[in-house]
Amino acid sequence: MKITGFEIIVVGAPWRELTIVEVQTDEGITGVGEVRMVNKTDTLIAAIQELGDRYVVGSDPADLSKLAWNIQVAEYGVPGEVGQSALAAFDIACWDILGKSLGVPVYKLLGGVFTERVEAYANGWYQGDRDPKIIAEYARKVVDRGYRGLKIDPFGHAAAEMTNEDLRRSVGILEAVRGAVGPDVQIYVEMHGRFTAHTARQVAKSVEHIAPGWIEEPVLPMDVTGLRSVRNHTALPIALGERIHEPQALIPFLEEGLVDILQVDTTHHGGITGLQRLVGWSDAYNVRLAPHNVCGPIGTAAALHVAIAASNTKVLEHFNDFADPWVHEIVEGAPYVNPKDGAFDLPTAPGLGLTLNKEICAKHPRTGGRLALYAAGWEKRQDAKNYDSRGK
């Protein structure tokens with residue numbers, strides 16, 4: 001089997017753009033991949049086109065190690081976020097093709113079922129003003145939908161430091177969420193790398209009574225010294241990895257025991273192949289895996305198949321029941337969180353188990369949607385003006 005071509009489709013929402021790649025083969029089998037690129041969709045499209053023409057067209061979709069080597073090594077430059085994301089789009093699509101060609105779900109090619117029910121946690125649900133009562137009501141709806149865990153960044157558009165007043169408001173929001181969901185639902189505290197080590201330590205101490213399932217990215221992603229300081233001052237679990245794009249960058253975090261939950265993103269770390277290579281490595285350090293996932297249904301499916309086969313899966317992030325729920329419609333067979341147990345149903349169809357609906361994709365053209373975490377109102381995820389970097 002040979003790859004004969006590929007098509008790039010971008011689906012737009014106010015706060016994100018989903019870049020989809022459909023890969024075609026000479027046997028008529030197609031596969032799909034997806035990336036939600038942070039703020040650089042045009043750059044990603046250019047990289048997909050250039051690297052796809054150079055390394056993908058004419059290749060065997062099974063030669064995934066060679067594809068990864070070509071983009072990560074033969075290109076000479078460090079692949080970084082853009083290169084690893086372009087690779088991921090093709091890698092995911094090729095795994096989809098392989099599963100379809102063999103008539104089995106992708107997870108069957110990754111070791112089979114280890115975890116039949118992968119627990120989900122909700123994100124993108126707190127689309128209101130930073131008022132504890134308002135956010136608490138949103139949290140109740142998450143639990144009513146069946147989720148057993150949810151993630152929230154209650155810190156507004158804070159950068160580096162916070163005033164005492166704003167810290168009290170942030171903690172008040174978390175206290176209201178805990179009161180709304182009860183003691184047994186996991187609350188994951190997202191910090192988005194906003195803070196200096198000093199502020200991160202202060203925040204960690206202030207939220208301990210909430211009993212969060214983890215604190216996420218308390219400092220900038222490559223601030224090893226700052227993270228070491230936070231680790232030495234809190235017993236809370238630390239999660240990180242969404243903005244780490246090459247495996248070698250993980251070495252200090254794993255070797256120094258600075259991370260409890262690894263959150264690399266399937267679509268920014270070389271795809272299914274890249275994430276699968278980290279399963280055994282992270283397990284060797286007794287670290288749990290909770291893939292970062294801000295994708296639509298295709299990227300979610302890719303992460304889900306790895307999570308099903310991995311022996312150290314903790315939980316999988318999911319936006320699509322609360323932020324832009326219409327994205328389920330761009331495919332048939334979208335991953336589904338069952339309200340009976342708050343876990344994803346086990347896919348059974350060949351490949352990723354999806355069929356792309358291009359007509360629905362065409363109804364949602366590009367928006368320029370992007371993430372602007374330091375602009376007031378970014379949490380609402382509904383109006384493009386919330387993502388103006390000037391906060392206007």
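Only a predicted model underlies this, so the values are computations on that prediction, with no experimental measurement involved.

Caption draft 1: Spatial organisation of the overall build of the protein chain. When you go through the protein chain residue by residue, the secondary structure sums to 11 helices and 15 strands. Whereas a compact globule of 392 residues would reach a radius of gyration of roughly 21 Å, the protein chain reaches 20 Å, a difference of no more than 12%. Along the first, second and third principal axes, the C-alpha set of the protein chain runs to 60 × 45 × 40 Å. Look at the contacts in the protein chain between residues 6 or more apart in sequence, and 72% of them connect residues 24 or more apart. Accessible surface, the protein chain as shown: approximately 15100 Å² in total, 50% of it carbon and sulfur.

Caption draft 2: Structural view of the sheet that holds strand β1 (residues 3-12). Pairing is antiparallel across the open sheet formed by three strands, whose spatial order is β1-β2-β3. Of all the strands in the sheet, the pair left with one neighbour each is β1 and β3 (30-36). Here the average twist between neighbouring strands, direction ignored, is 20 degrees. Helix α1 (residues 41-56) contacts β1, β2 (17-25) and β3 of the sheet and is inclined by roughly 175 degrees relative to β1. Contacts between helix α10 (residues 297-309) and the sheet are confined to β2 and β3, with β3 contributing the most and set at about 100 degrees to the helix.

Caption draft 3: Molecular detail of α10. Here α10 spans 19 Å end to end across 13 residues, near enough to the 18 Å set by a 1.5 Å rise per residue. Counted residue by residue, α10 has 13 buried out of 13 residues, so it is predominantly covered.

Caption draft 4: Broad picture of the packing of helix α3 (residues 80-102) against helix α9 (residues 271-284). Packing of α3 against α9 brings their axes to within 5 Å, and their N-to-C directions diverge by 90 degrees. Between α3 and α9, the angle falls in the class roughly perpendicular. Note on element contacts: α9 touches α3 through Gly 271, Ile 272 and Thr 273, opposite Ala 88, Asp 91, Ile 92 and Trp 95. Its residues assigned to classes, the contact of α3 with α9 comprises four nonpolar, two polar and one charged.

Caption draft 5: A look at the pattern of salt bridges. Applying the stated criterion across every chain yields a total of 22 salt bridges. The partner of Lys 151 in a salt bridge is Glu 190, with the nearest N and O atoms 3.6 Å apart. Of this pair, Lys 151 sits in strand β5 (residues 149-152) while Glu 190 is found in strand β6 (residues 186-190), placing the two residues 39 residues apart along the sequence. What emerges from the salt-bridge pattern is a single network uniting Lys 151, Glu 190, Glu 216 and Glu 317.

Caption draft 6: Representation of the packing of helix α6 (residues 197-207) against helix α7 (residues 224-231). Packing of α6 against α7 brings their axes to within 9 Å, and their N-to-C directions diverge by 25 degrees. For the element pair α6 / α7, the angle class is roughly parallel. Here α6 and α7 pass one another in a crossing that is right-handed. For the pair formed by α6 and α7, the contact residues are Ala 197, Ala 200 and Arg 201 on the first element and Gly 226, Ser 229 and Val 230 on the second.

Caption draft 7: Geometry of the pairing of β2. Within β2, eight of the nine residues are buried, which leaves the element mostly enclosed by the surrounding structure. By the bridge criterion, nine bridges tie β1 to β2 in an arrangement that is antiparallel. Bridge pairing in β2 places Val 10 opposite Thr 19. From the end of β1 to the start of β2, which pair antiparallel, there are four residues. Taken together, the seven bridges between β2 and β3 define a ladder with antiparallel strand orientation. Along β3, the bridge assignment pairs Gln 24 with Thr 30. Connecting β2 to the next strand, β3, in antiparallel fashion are four residues, including Gly 28 with a positive phi near 85 degrees.

Caption draft 8: Region of the structure containing the nonpolar core. Of all hydrophobic cores here, the largest spans 113 residues; its most connected members are Trp 125, Ile 152, Val 177, Ile 215 and Ile 272. In terms of residue count, α3 provides more of this core than any other element does, 10 residues in total. With near-sequence residues (within four places) excluded, Trp 125 lies in contact with Ile 135, Tyr 138, Ala 139, Val 142, Leu 150, Lys 151, Ile 152, Val 177 and Phe 322. Counting residues in each nonpolar core, the second largest holds seven residues, with Trp 214, Ile 261, Ala 290 and Val 315 among its members.

Caption draft 9: Quick look at the packing of aromatic side chains. Counting across every chain of the model gives nine aromatic pairs. Their ring planes at 35 degrees and their centres at 5.3 Å tell us that Trp 15 and Phe 319 sit as a pair that is tilted. Remark: Phe 319 occurs in the loop between β11 (316-318) and β12 (331-332) and Trp 15 occurs in the loop between β1 and β2; sequence separation between them is 304 residues. For the pair shown, Trp 15 and Phe 319 are each scored as buried. With a centroid separation of 5.2 Å and an interplanar angle of 70 degrees, the aromatic rings of Trp 125 and Tyr 126 are classed as edge-to-face. Of the two residues, Trp 125 and Tyr 126, neither departs from the other in class, the shared state being buried.

Caption draft 10: Region of interest: the side chain of Thr 25. With respect to the helices and strands, Thr 25 occurs in strand β2. The exposure class assigned to Thr 25 is buried, which follows from its relative accessible area of 7%. A distance of 2.7 Å separates the side chain of Thr 25 from the backbone oxygen of Ile 29, its partner in a polar contact. When residues no more than four places from it in sequence are discounted, the contact partners of Thr 25 are Met 1, Lys 2, Ile 3, Thr 4 and Ile 97.

Caption draft 11: Structural view of unusual backbone geometry. Its identity as a non-glycine residue notwithstanding, Ala 160 has a phi of 70 degrees, on the positive side. On the secondary structure map, Ala 160 appears in the loop between β5 and α5 (164-181). The backbone of Ala 211 sits at a positive phi, close to 55 degrees, despite the residue not being glycine. Classification of Ala 211 by relative accessible area gives partly exposed; the value is 46%.

What counts, and where the lines are drawn
- Each chain carries its own residue numbering, running from 1 in the written order of its sequence.
- Only residues with pLDDT of at least 70 get local features here, since the model is predicted, and only at 80 or more are side-chain atom pairs given and counted; chain-wide, interface and lining totals rely on the full set of residues.
- Remark: hydrogens and water are excluded; side-chain values derive from all non-hydrogen atoms of the structure.
- Comment: elements are numbered from the N terminus, with helices defined as DSSP H or I runs of at least four residues and strands as E runs of at least two.
- Put simply, the radius of gyration uses C-alpha atoms, and a globule should come to 2.2 Å times the residue count raised to 0.38.
- The contact criterion used throughout is that any non-hydrogen atoms of two residues lie within 4.5 Å.
- For the accessible areas, the method is Shrake-Rupley and the probe is 1.4 Å, while residue cover comes only from the protein chains on display.
- At least two bridges found by DSSP between two strands is the condition for calling them paired.
- Simply put, an axis is a line fit to the C-alpha atoms, just over the touching stretch for a helix, and the angle between two N-to-C directions goes from 0 to 180 degrees.
- What a helix is expected to span follows from its residue count: subtract one and scale by 1.5 Å.
- The buried label applies to any residue whose accessible area, calculated with a 1.4 Å probe on protein chains only, is under 20% of its type's maximum; exposed applies above 50%, and partly exposed to all values in between.
- Note on angle classes: values under 35 degrees are labelled roughly parallel, values over 145 roughly antiparallel, values of 65 to 115 roughly perpendicular, and the remainder oblique.
- Under this grouping Gly is polar, as are all residues other than the nonpolar Ala, Val, Leu, Ile, Met, Phe, Trp, Tyr, Cys and Pro and the charged Asp, Glu, Lys and Arg.
- Each salt bridge in this description consists of a side-chain nitrogen of Lys or Arg and a carboxyl oxygen of Asp or Glu lying within 4 Å of one another.
- Handedness of a crossing follows from how the near helix is turned relative to the far one, being left-handed for an anticlockwise turn of less than a right angle and right-handed for a clockwise one.
- Nonpolar core, defined: a set of buried Ala, Val, Leu, Ile, Met, Phe, Trp, Tyr and Cys residues in which side-chain atoms within 4.5 Å join the residues together.
- Stacked, tilted and edge-to-face are the three classes assigned to paired rings of Phe, Tyr and Trp, where Trp is represented by its six-membered ring and a pair needs centres within 6.5 Å; plane angles under 30 degrees give stacked, over 60 edge-to-face, the rest tilted.
- Identification of polar contacts relies on pairs of N or O atoms within 3.5 Å, with a donor-acceptor requirement for protein atoms, meaning one able to donate a hydrogen and the other able to accept it, and with residues adjacent in sequence counted only if both atoms are side-chain atoms.

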